[in-house]
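Okay, here's what each chain looks like letter by letter:
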Amino acid sequence: DTEVTQTPKHLVMGMTNKKSLKCEQHMGHRAMYWYKQKAKKPPELMFVYSYEKLSINESVPSRFSPECPNSSLLNLHLHALQPEDSALYLCASSQVGAANYGYTFGSGTRLTVV
Amino acid sequence: QKEVEQNSGPLSVPEGAIASLNCTYSDRVSQSFFWYRQYSGKSPELIMSIYSNGDKEDGRFTAQLNKASQYVSLLIRDSQPSDSATYLCAVRGVSSASKIIFGSGTRLSIRP
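The numbers attached to residues start from 1 for each chain and follow its sequence in the written order. Here the convention is simple: chains get letters from A, ligands get numbers from 1, in the order in which they are written. Reporting of local features is limited, given that this is a predicted model, to residues whose pLDDT is at least 70; pairs of side-chain atoms are given and counted only at 80 or more, and all residues count toward the totals for whole chains, interfaces and linings. With hydrogens and water set aside, each side-chain value is computed from the structure's full complement of heavy atoms.

Undergrad: Tell me about the pattern of salt bridges, and name the residues and values.
TA: The salt bridge definition used is simple: a Lys or Arg side-chain nitrogen within 4 Å of an Asp or Glu carboxyl oxygen. One pass over the structure, following the stated rule, counts seven salt bridges over all chains. We note a salt bridge from Lys99 of chain B to Glu58 of chain A, for which the minimum N-O separation is 2.4 Å. Here Lys99 of chain B is found in the loop between strand E9 (85-92) and strand E10 (100-102), whereas its partner Glu58 of chain A is found in the loop between strand E6 (53-57) and strand E7 (64-70) on a different chain. Each residue's exposure class comes from its accessible area (1.4 Å probe, protein chains only) as a fraction of the maximum for that residue type: buried when under 20%, exposed when over 50%, partly exposed otherwise. Judged by relative accessible area, Lys99 of chain B falls into the partly exposed class, the value being 30%. Across the salt bridge formed by Asp85 of chain A and Arg63 of chain A, the nearest N and O atoms sit 2.8 Å from each other. With a gap of 22 residues between them, Asp85 of chain A in the loop between strand E8 (73-79) and strand E9 (87-94) and Arg63 of chain A in the loop between E6 and E7 connect regions that are remote in the sequence. With a relative accessible area of 2%, Asp85 of chain A lands in the buried category. Within this structure, Lys36, Arg63 and Asp85 of chain A form a network of salt bridges that share partners. Counting from the N terminus, the helices are DSSP H or I runs at least four residues long and the strands are E runs at least two residues long.

Undergrad: Describe the layout of surface pockets, and please don't skip the residues or the numbers.
TA: Only protein atoms enter the calculation, which uses a 1 Å grid: trapped sets of points that fit a 1.4 Å probe without letting it out are cavities, open sets showing protein on both sides within 12 Å along at least five of seven lines are pockets, and any residue with an atom within 4 Å of a point is a lining residue. Grid points are joined across faces, edges and corners, and a volume is the space filled by probe spheres set on the points. Each pocket or cavity is described by its volume, and for the largest pocket that value is around 630 Å³. Ala39, Lys40 and Lys41 of chain A together with Thr86 and Arg107 of chain B are the residues nearest the centre of the largest pocket, which is lined by 29 residues in total. Of all the secondary structure elements, the ones that give two or more residues to the lining of the largest pocket are E9 and strand E11 (109-113) of chain A together with E9 and strand E11 (106-111) of chain B. Residue contributions to the lining of the largest pocket peak at four residues, all from E11 of chain B. In terms of residue class, the lining of the largest pocket is built from nine nonpolar, 14 polar and six charged. By volume, the second largest pocket is sized at about 370 Å³. For the second largest pocket, the lining is made up of 16 residues, of which Pro42, Pro43 and Glu44 of chain A together with Ile101 and Phe102 of chain B are closest to its centre. Counting residues per element, the ones that place at least two in the lining of the second largest pocket are strand E5 (44-50) of chain A together with E10 of chain B. The element that contributes the greatest number of residues to the lining of the second largest pocket is E10 of chain B, accounting for three residues. Only Asp, Glu, Lys and Arg are considered charged, only Ala, Val, Leu, Ile, Met, Phe, Trp, Tyr, Cys and Pro nonpolar, and every remaining residue, Gly among them, polar.

Undergrad: Describe in detail the interface of chain B and chain A, supporting the description with residues and values.
TA: Residue contacts follow a heavy-atom distance rule, with two residues in contact if any of their heavy atoms lie within 4.5 Å. Each partner contributes residues to the interface: chain B has 24 residues there, and chain A has 22 residues. Buried area: the sum, over both parts, of the accessible surface (1.4 Å probe) that disappears when the two are put together. Together, the buried faces of chain B and chain A total about 1600 Å²; carbon and sulfur atoms form 54% of this surface. Scanning the region where chain B abuts chain A turns up one salt bridge. When residues of the side of chain B that touches chain A are traced back to their parent elements, those giving at least two are strand E4 (32-38), E9 and E10 of chain B. No other element matches E4 of chain B, which puts four residues into the side of chain B that touches chain A. Of the residues contributing to the side of chain B that touches chain A, the split by class is 10 nonpolar, 11 polar and three charged.

Undergrad: Pulling in residues and values, what's your account of unusual backbone geometry?
TA: A cis amide bond links Thr7 of chain A to the next residue, Pro8 of chain A, at an omega of -10°. One can find Pro8 of chain A in the loop between strand E1 (4-7) and strand E2 (10-13). Between Gly9 of chain B and Pro10 of chain B the backbone carries a cis peptide bond, its omega angle lying at 10°. Its identity as a non-glycine residue notwithstanding, Ser59 of chain A has a phi of 55°, on the positive side. By the secondary structure assignment, Ser59 of chain A is in the loop between E6 and E7. Owing to a relative accessible area of 70%, Ser59 of chain A belongs among the exposed residues under this scheme. For Gln70 of chain B, which is not glycine, the phi dihedral falls at a positive 55°. Here Gln70 of chain B shows up in the loop between strand E7 (61-66) and strand E8 (71-76).

Undergrad: I'd love a proper account of the state of the cysteines, names of residues and values included.
TA: The disulfide definition used here is simple: a pair of cysteine sulfur atoms within 2.5 Å. For the coordinates displayed, the defined rule picks out two disulfides over all chains. One disulfide bridge connects Cys23 of chain A with Cys91 of chain A, the sulfur atoms lying 1.9 Å from each other. The sign of the -70° torsion about the S-S bond sets the Cys23 of chain A-Cys91 of chain A disulfide as left-handed. Linking Cys23 of chain A in strand E3 (residues 18-25) with Cys91 of chain A in strand E9, this pair joins segments that are 68 residues apart in sequence. Assigned by exposure class, Cys23 of chain A and Cys91 of chain A land together as buried. A sulfur-sulfur separation of 2.1 Å characterises the disulfide bridge that pairs Cys23 of chain B with Cys89 of chain B. Taking the sign of the torsion about the S-S bond as the criterion, the disulfide between Cys23 of chain B and Cys89 of chain B, at about -75°, is left-handed. Of this pair, Cys23 of chain B sits in strand E3 (residues 19-25) while Cys89 of chain B is found in strand E9, placing the two residues 66 residues apart along the sequence. In terms of burial, Cys23 of chain B and Cys89 of chain B fall into one category: buried. The closest cysteine sulfur to the non-disulfide-bonded Cys68 of chain A is located on Cys23 of chain A, 9.1 Å from its own sulfur. For Cys68 of chain A, a relative accessible area of 13% puts it in the buried group.

Next comes the structure, spelled out in structure tokens:
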């Protein structure tokens, strides 16, 4: 299995809603990432988990809350989002142990905040 | 100065020609270099990685790395309309904990 699976593919939520994005991989990767991508911009790193521990938080607002329940799963909990948070949210994974590994991306969740 | 710089394009290339995409990076200790292809509305797909100076070929794709000049490029031979996409250059530092830094991408258009 060489895929990273993200659900849902599309999500529309109101500013008072609470929702979660899910990501799953079965490639044995021990590093997992959340990226945010706006139209015509490169992906921006949000969070990095290494061996299920949060290792990088790129000063992301607290309305985004990541969780890594086990080595295969990564969640992003969303609460009180703003319309400007509408974007493509990408999950990625990679091996840990050398810098020579690129990331494998999931297909993304297209989030619209209304 | 941006950490990873690319010409945003669009770069228009006739079908069957060679497309040449360029990227420069600012951190001299960068270790690993990647090219991702991203179709509109889709997620990035890793197409090439290179770690040593010189050329690396994979099918119609050739990645070139020159660490002294801090320059990495991607050549696409026999360009096809399906190659029309945004190409993201990405760079990673020496540590396995180093994050990958993406360039802003070059939009490539292959005209029939």
